[in-house]
Amino acid sequence: MEAAQPADRVPADPTPPDGRPPVPPAADDAPTGSAPGGGAGTPASGEPEPALVAGGDPEPTPVAGEPEPALVAGAGSPDRAATARPGRPGRPRSERSPKDMALSLLVLLVPIALLLAFYRGFLGGEQPTTVDAAPAYEQARAANVFPVAEPSGLGDGWRTVSASFRTVDDGATLRVGYLTPEGRGAQLVQSTVPPQRLIPAELTAQGQPQGPADLGGANWQRYTGRGNEQALVLLEPNRTVIVVGDARDNELRELAGALR
């Protein structure tokens, strides 16, 4: 018997019944996880998908053992601009505005201004402290080592700011300080210390006689003093009287002429 000849094979129609073109098979050499054209594709099996940040950029995945990037206050995700660089800490942002600082300073200045006004207005802060010179004059008279002279008839503008009487080995000294009506200083010194020691001590080595000064018939001498000071000196056998200060010449003369 003749062997049955196989029927001729009819090629399959490449066109599907629905009329759509056939889908070509995937290339075997296409790399896994990458789309044609070099773009990012589906990740390989087992790899976590990168998280997406608002805006479309993928969130960087930290490497094992590496600390996560720090977040800047107010940022929802560690984007590139807000991530602090390791080893270079960001500068802290000031939380106080210039207006807040000005208000804080004003709160501190108001009590100080009130205290200063109270000190000046009620406590007489700018007024010089005056003293009573009577006890010092009484001690000098009680010691009876020299005739004590006291100013008389000075105006209301004269204020006594210091007064003392001291006895030392080589004599005794009465010292009274005044503030003149013009606000300058003047000092009345009466002492039994020898003039060759008293005058350099009170006027320094710059104290030099400048000639006589006629004050009520007494033999006063004009002297230079330290700095801008000037002095009137009266030399007597048992005492030396010195009127010295940075007051004007007419005020020094008034003080010296008022001694009684």
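Residues numbered from 1 in each chain as written. Predicted model: local features only at pLDDT ≥ 70, side-chain atom pairs only at ≥ 80, totals over all residues. Heavy atoms only, no water.

Colleague: Any chance you could break down the overall build of the protein for me, citing the residues and the numbers?
Modeller: The number of helices and strands found in the protein is four helices and seven strands. Seen in sequence order, the protein has helices and strands lined up from the N terminus as α-α-β-β-β-α-β-β-β-β-α. Burial analysis of the protein (260 residues in total) assigns 22% to the buried set. Residue pairs at least 24 apart in sequence account for 42% of intrachain contacts in the protein once pairs closer than 6 positions are excluded. (Helix = DSSP H or I, 4+ residues; strand = E, 2+ residues; numbered from the N terminus. Buried < 20%, exposed > 50% of the residue type's maximum accessible area, 1.4 Å probe, protein only. Contact = heavy atoms within 4.5 Å.)

Colleague: I'd love a proper account of the side chain of E251, names of residues and values included.
Modeller: By the element assignment, E251 lies in helix 4 (residues 249-257). R184 is the oppositely charged side chain nearest to the buried, salt-bridge-free E251, at an N-O distance of 5.2 Å. In this structure the side chain of E251 is engaged in a polar contact, spanning 3.1 Å, whose partner is the side chain of T180. Aside from chain neighbours lying at most four places away, what touches E251 is W158, T180, P181, E182 and R184. (Lys, Arg positive; Asp, Glu negative; His and termini not counted. Salt bridge = Lys/Arg side-chain N within 4 Å of Asp/Glu carboxyl O. Polar contact = N/O pair within 3.5 Å; in protein donor to acceptor, adjacent residues only side chain to side chain.)

Colleague: So what's going on with the nonpolar core? Which residues, and what values?
Modeller: Judged by nonpolar contacts, the single largest core of 27 residues is most densely connected at Y137, L174, Y178, L188, W220, L232 and V243. Mapped onto this core, the elements with two or more residues apiece are helix 2 (134-143), strand 2 (171-179), strand 3 (185-191), strand 4 (209-215), strand 6 (230-236), strand 7 (239-245) and helix 4. In this structure W220 touches G211, P212, A213, L215, L232, V233, L234, V241, V243, A256 and L259, once residues within four positions along its chain are discounted. Counting ten residues, the second largest nonpolar core, distinct from the first, contains I199, L203, A231 and V233. (Core = buried A, V, L, I, M, F, W, Y, C linked by side-chain atoms within 4.5 Å.)

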